[in-house]
Amino acid sequence: SDPPPLPPTPPRGPGLPERPIHSLLAGCLGGWYVWGEYSSVNQQIVLYLASRVAMALMSLARDMGLPPFRTKALYSEGGGRRYRLSATAVWGLVMVLFEAHPEVLVSSLKRSMDEIYRYDPGGWWLSSGTEGGSAMCPPPSWRSNSAFTVDFGAEDISSD
């Protein structure tokens, strides 16, 4: 039970690459010379493309009949299960990185993850970036200057 073959590559007209390796080389050269210089805009474009390429590779793996991607259940209407699988993998990996190796995360992602997962309603910030485990730190200064505040009801928590 071999997977179905991919459709043949259509004939190429003038100005189009003859072989896939030509497209690969052109993309690599463009990536190096046009998009290879770091800027926040270039980084966002490259990250967007990386996510789209990952989704396309999942579709290609399905079309080639590679397990587990050949499972029809992954490809419900609207790509719901494929999206769910991608979201599960991405969030699982980011949580492992955040807990085990927070130093490798981009600083803005690390700050956001700290905001979500390390905030203590008592007004102290839990930091995982210290040697030997977590440490208590004062909250970021911008929190006290913010026009938007959230009342977590910390005064209702008793220490009985």
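What counts and how
- Residues numbered from 1 in each chain as written.
- Predicted model: local features only at pLDDT ≥ 70, side-chain atom pairs only at ≥ 80, totals over all residues.
- Heavy atoms only, no water.
- Phe/Tyr/Trp six-rings, centres within 6.5 Å; stacked < 30°, edge-to-face > 60°.
- Helix = DSSP H or I, 4+ residues; strand = E, 2+ residues; numbered from the N terminus.
- 1 Å grid on protein atoms, 1.4 Å probe; cavity = no way out; pocket = protein on both sides within 12 Å on 5 of 7 lines; lining within 4 Å.
- Points joined across faces, edges and corners; volume = space filled by probe spheres on them.
- Nonpolar A, V, L, I, M, F, W, Y, C, P; charged D, E, K, R; others polar.
- pLDDT = per-residue confidence, 0-100.
- Contact = heavy atoms within 4.5 Å.

Draft legend 1. A look at the packing of aromatic side chains. Applying the stated criterion to the full structure yields 1 aromatic pair. Summarising the aromatic geometry, the rings of F98 and Y117 are spaced 6.1 Å apart at their centres and angled 50 degrees between planes, so their arrangement reads as tilted. Note that F98 is positioned in helix α3 (residues 80–100) and Y117 in helix α4 (residues 107–117), a separation of 19 residues in sequence.

Draft legend 2. Expanded view of the layout of surface pockets. What the largest pocket holds in volume is close to 590 Å³. Forming the walls of the largest pocket are 22 residues, and the residues nearest its centre are L47, S51, S86, V90 and W91. Those elements that provide at least two residues to the lining of the largest pocket are α2 (40–63), α3 and α4. With 9 residues, α3 is the single largest residue contributor to the lining of the largest pocket. Counted by class, the lining of the largest pocket contains 17 nonpolar, 5 polar and no charged residues.

Draft legend 3. A look at the confidence of the model for the protein. Across the protein, the average pLDDT comes to 74, with 62% of residues at or above 70. No element of the protein has a lower mean pLDDT than helix α5 (residues 141–145), at 46, and none a higher one than helix α1 (residues 20–33), at 90. Considering only residues more than four positions removed or in separate chains, one finds that residues 130–136, a stretch of pLDDT under 50, has 12 contacts. Counting interchain partners and residues more than four positions distant, the pLDDT-below-50 stretch residues 141–160 has 8 contacts.

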